Every structure is written in structure tokens, then in C-alpha cells.
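So the chains spell out like this:
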Amino acid sequence: MLKRFLFISLFFTLVFNCTVTEQPEFVGLENIKVVNSTIQSITLSADALFNNPNDVGGVLKTDDLKVYINDTEVATVVADEFDVPSKENFKIPLIVTVATDSLIDKKSLDGLLGSLISQRLKVQYKGNIKYKVFGYSSTYSVDETQELKIKL
């Protein structure tokens, strides 16, 4: 009987002392850069920074995060679900490769030619990152723009 009481007491102590309902804090994007650029493709990377104050982790998904170059949508960030560590600052790498021929359309041709001449691109990450843990979920809105130098 005493063993059962101790087990139940321990269980409720753990359940009620764990923080689960706090949403991890989205700090922002950093290290947006061109990793590789060739005539055929441009590879971009960025780090999404978070702080999780919870005693438990969770899962982040980036399915709704789009990449724009010179105001033209060129890619969606495709990544596996990311396991969120508990009680920790962490970052998620956001890497995308864009075929240079996808940058060419009638409305952006002038901007692309100007970018190639100046070797600068306006890169924007825009959309949502979703967090889920146990039945609780939240969405983080991302809208970060930066001018990057490229070398072809």
C-alpha cells in the first residue's frame, strides 16, 4: 500500500511540476547566406533560432515556409520534422537549393539581370513554422528579408 501511494505521489509531482503549456519562443532568423552558387543553381541557408523553456520537447515543421528571391517565390523549405530539445536554446537549419532557371519569368527578368550584374539578390523567408507537443500546437510567423552577395 505504501509503495502504491509513493508511486502515485511521484507521478502527480512530476506531472504538475513539468512545464508543457509554454510556447517555445521564436527568436528569429540569422546567418542567411548563399552557401553555393553556380550557373545552374543557388543554395541558400539560414538558422531559425528558438528557446524552449518547457521540461518536454516537441516537434517543429517547416512545410509552410517559402523562399522568395527578388520578390518571386522560388522554393518551399522542405525539411524533416525537427525534434525540439527541452529547456534549451536551439536552432533549425533551413537549407534550400534553387534552380537559376526558376528565377526567370517575364516580371522578374529585369530584376534578375540587375542582380546578376550587381551580384546581389534580395532573399526573403516568409511563412510559418509549426510546433506540436502532446495535443498542444502553435504557429510562428516568419518574415525575414536580406540582401545577399553572390558569386557565379
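Treat the numbers as computed from the prediction; the structure is a model and nothing was measured.

A.B. asks: What am I meant to see in the sheet that holds strand S1 (residues 25-37) here?
C.D. replies: Sheets are built from strands paired through backbone hydrogen bonds, the pairs being either parallel or antiparallel. One open sheet holds the three strands; their spatial order is S1-S2-S6, and the pairing between them is antiparallel. Each having just a single partner strand, S1 and strand S6 (88-99) make up the two edges of the open sheet. Pairwise comparison of adjacent strand axes, ignoring direction, gives a mean angle of 20 degrees for this sheet. Strand direction decides the pairing type here: strand S2 (residues 41-52) and S6, joined by twelve bridges, are antiparallel. Along S6, the bridge assignment pairs Ser45 with Ile95.

A.B. asks: When you look at the pattern of salt bridges in this model, what are you seeing that I'm missing?
C.D. replies: Where side chains of opposite charge bring their charged atoms close, a pairing between them can arise. If you walk through the whole model with that rule in mind, you get six salt bridges. Here Lys91 ties to Asp47 by a salt bridge, and the two come within 3.8 Å at their closest N and O atoms. With Lys91 in strand S6 and Asp47 in strand S2, the pair connects residues that are 44 residues apart, well separated along the chain. Here Lys91 falls in the partly exposed class, since its relative accessible area comes to 46%. A salt bridge links Lys61 to Glu81; the nearest nitrogen and oxygen atoms lie 3.8 Å apart. Placement of the pair is Lys61 in strand S3 (residues 58-69) and Glu81 in the loop between strand S4 (72-76) and strand S5 (82-84), with a sequence separation of 20 residues. Since its relative accessible area comes to 49%, Glu81 is described here as partly exposed.

So, how was this worked out
Residues numbered from 1 in each chain as written. Predicted model: local features only at pLDDT ≥ 70, side-chain atom pairs only at ≥ 80, totals over all residues. Heavy atoms only, no water. Pairing = 2+ DSSP bridges. Helix = DSSP H or I, 4+ residues; strand = E, 2+ residues; numbered from the N terminus. Axes fitted to C-alpha atoms, helices over the stretch in contact; angles between N-to-C directions. Salt bridge = Lys/Arg side-chain N within 4 Å of Asp/Glu carboxyl O. Buried < 20%, exposed > 50% of the residue type's maximum accessible area, 1.4 Å probe, protein only.

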